[in-house]
Amino acid sequence: MKTTASSEMEMIELLYSLGIPAEAVLVSRHGKLFPETAQISKSGEAEIIFYKHKPPQFRPGEPPSHWKRAAYSPNCAYCKSAPAVYLPYAAQHLCPKHFRRLFEKRVKRTVRSYGMVKKGERAGVALSGGKDSYSLLHALISLREALPFELVAITVDEGIPGYRNRAIEVSKKRCRELGIEQHIYSFREEHGKTIEEIADQGKENPCSYCGVLRRKILNSKARELGLDKIAIGHNLDDVAQTAMLNLIRNEPLRFARFNEPLIENEKLIPRIRPLRDIREKEVAAYAFLHGHNYDSGRCPHAATALRWSVRHELNSLEDQYPGTKSRIASSFNTLQGIVKDSLKEKRLELNECRICGEPCSEEVCMACKMLSDL
Ligand SMILES: [Zn+2]
Ligand SMILES: [Zn+2]
C-alpha cells in the first residue's frame, strides 16, 4: 500500500487510522526500509510492507480491492495464526513461518529450474551486508538441507565511508554466527583506489566504475577460491528495472546478457541469481524476519535518475496491475534465451586481457581500461 505522510506525527496518525500499531511496521520510503516510525524524517512517500502484531483493518472503500478481500480474513492463509506479511498479488496474509517456507520453496524452484547449483559444487555468495545479499545467504543455507553444496561468502569493500563500513560489520557478524567462511577484498588493495577517490576525481558516473571493478574482483577471487558459481542478490525488481532500462537506452545486446558474458569461458565463473523471481519487498521482509534490521540506505553515488524513474513507474504499475514485474522479467528471459541461442552458432571466442589476463572481448578488459584512465 502506498501513502504519503509529511511528518512522523502524520505517519503515526495515519497508521493509527488504519489500525496498525506504529511500532509494528516496516516502512519503505524512497526505497529505504525503516523498522521504526522514529526513523521517518520529514516528507516523502512511505510504503507499509510488514506488520508484526496486528494486520491492518480497513473501512470499506479505502484500500484497493485486493487488500480488502484479504483484510476481511486476516489470518495466515495456511495456519490461521497471526500474519506478518501480506502478498497483494495472491491476496494472502502469511505468518513468519509460512512466509519463510514459501520464500525458500521459491528459491529452490528457481535454482532447480535454471540448474543454478549442483550437488557437491562450491558456491560463493557475494555478500555486501545489505538486505538482498543477507536474504540470499539465508535462503542458500536453507537450500543446502535438500541439496548439499559448499557455501562461502565474498565481500567487496569499495571504500564508501559510512555507507559500506557498517554493512561489512553486519556481514562479518552474521557469517561468524552462521559459521560461514568469509573472504573480504577491498578496492584499495586490489585496484589501488577506493570508489570514493574515483568519485572525487570527478568521474561522471562512479556507479559504472564500481560495477565493473567489483565484478572483476568477484570473478578473479572466485577463481582463486576454486568456486563453481557466484551467487548475486539481484531480485525480481532489479531484473525488471534492468530490462526496461536497456529497452529505453536501446542497448539490446546488453539487454540480452544482463551484465553477463554471452560466451562461455573457463576463466569466467558463472554468476547465478537465485532471488530473480522474488519481489524486492519480500526479500526485505525475509531479511527482516532473519534479524536484519539495518538500513544501508542508498549509496551516496547510487542509481542514475533514469533508473530511479523506472523503479518508481514499475512500482506504480505493479500496484495497479499486480504481476507486472514478473511478466516483464519473464518476457526478458525469453528474449535472452533467443539471443544466446543465435550467438552460439557464431562460435564467438574471448581474448585474455593484455594487462591482467582476465577474459574479455577486446584486447584490454574494461576494468583495466578504466583503471588506466584514472
Ligand atoms: Zn502460518
Ligand atoms: Zn584487464
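Residues numbered from 1 in each chain as written. Chains lettered and ligands numbered in written order. Predicted model: local features only at pLDDT ≥ 70, side-chain atom pairs only at ≥ 80, totals over all residues. Heavy atoms only, no water.

Description of the packing of helix H9 (residues 236-248) against helix H13 (residues 324-344)
Think of two packed helices as two axes; the pair is described by the angle between the axes and how far apart they sit.
Item 1. For the pair H9 and H13, the least separation of the axes is 9 Å and the interaxial angle reads 60°. Comparing the axis directions of H9 and H13 gives the class oblique. Relative to H13, the crossing made by H9 is left-handed. Together, Leu236, Asp237, Val239, Ala240, Ala243 and Met244 of H9 and Lys325, Ser326, Ile328, Ala329 and Phe332 of H13 make up the contact between the two elements.
Item 2. For the contact of H9 with H13, a count of residues per class yields eight nonpolar, one polar and two charged. (Axes fitted to C-alpha atoms, helices over the stretch in contact; angles between N-to-C directions. Helix = DSSP H or I, 4+ residues; strand = E, 2+ residues; numbered from the N terminus. Parallel < 35°, antiparallel > 145°, perpendicular 65-115°, else oblique. Left-handed = near helix turned anticlockwise from the far one by under 90°. Contact = heavy atoms within 4.5 Å. Nonpolar A, V, L, I, M, F, W, Y, C, P; charged D, E, K, R; others polar.)

Brief notes about the sheet that holds strand E9 (residues 181-186)
Item 1. Spatial ordering of the open sheet is given by E9-E8-E7-E10-E11, a layout of five strands whose pairing is parallel. The strands lining the two open edges of the sheet, one partner per strand, are E9 and strand E11 (271-272).
Item 2. Strand direction decides the pairing type here: strand E8 (residues 150-157) and E9, joined by six bridges, are parallel. Across the sheet, residue Val156 finds its bridge partner in E9, namely Tyr185.
Item 3. Its contacts with the sheet place helix H4 (residues 131-143) against strand E7 (122-126), E8 and strand E10 (229-231), and it is angled at close to 155° to E7. (Pairing = 2+ DSSP bridges.)

Thoughts on the coordination of the zinc ion (ligand 2)
Item 1. Ligation of the zinc ion (ligand 2) by protein atoms is provided by Cys353 (SG), Cys356 (SG), Cys365 (SG) and Cys368 (SG), these donors lying 2.2 to 2.3 Å from the ion.
Item 2. Relative to the metal, the four donor atoms surrounding the zinc ion (ligand 2) lie at angles of 104 to 115°, and the coordination shape comes out tetrahedral.
Item 3. Of note, the zinc ion (ligand 2) draws all its donor residues from one chain, in the sequence arrangement C-x2-C-x8-C-x2-C. (Donors = N, O, S within 2.8 Å, 3.2 Å for Na, K, Ca; no water. Tetrahedral: all angles 85-135°; square planar, octahedral: opposite > 155°, others 65-115°.)

Quick notes on the nonpolar core
Item 1. Counting residues in hydrophobic clusters, the biggest one holds 35 residues, and the most contacted among them are Phe99, Phe103, Leu140, Phe149 and Leu151.
Item 2. Taken together, the elements giving at least two residues each to this core come down to strand E5 (85-87), helix H3 (96-113), E7, H4, E8 and helix H11 (280-289).
Item 3. Both domain 1 (2-94) and domain 2 (99-298 + 306-372) contribute no fewer than three residues apiece to this core.
Item 4. Among all residues touching Phe149, those that are not within four sequence positions of it are Val117, Lys118, Gly120, Glu121, Ala123, Leu140, Leu143 and Arg144. (Core = buried A, V, L, I, M, F, W, Y, C linked by side-chain atoms within 4.5 Å. Buried < 20%, exposed > 50% of the residue type's maximum accessible area, 1.4 Å probe, protein only. Domains from an automatic or database assignment.)

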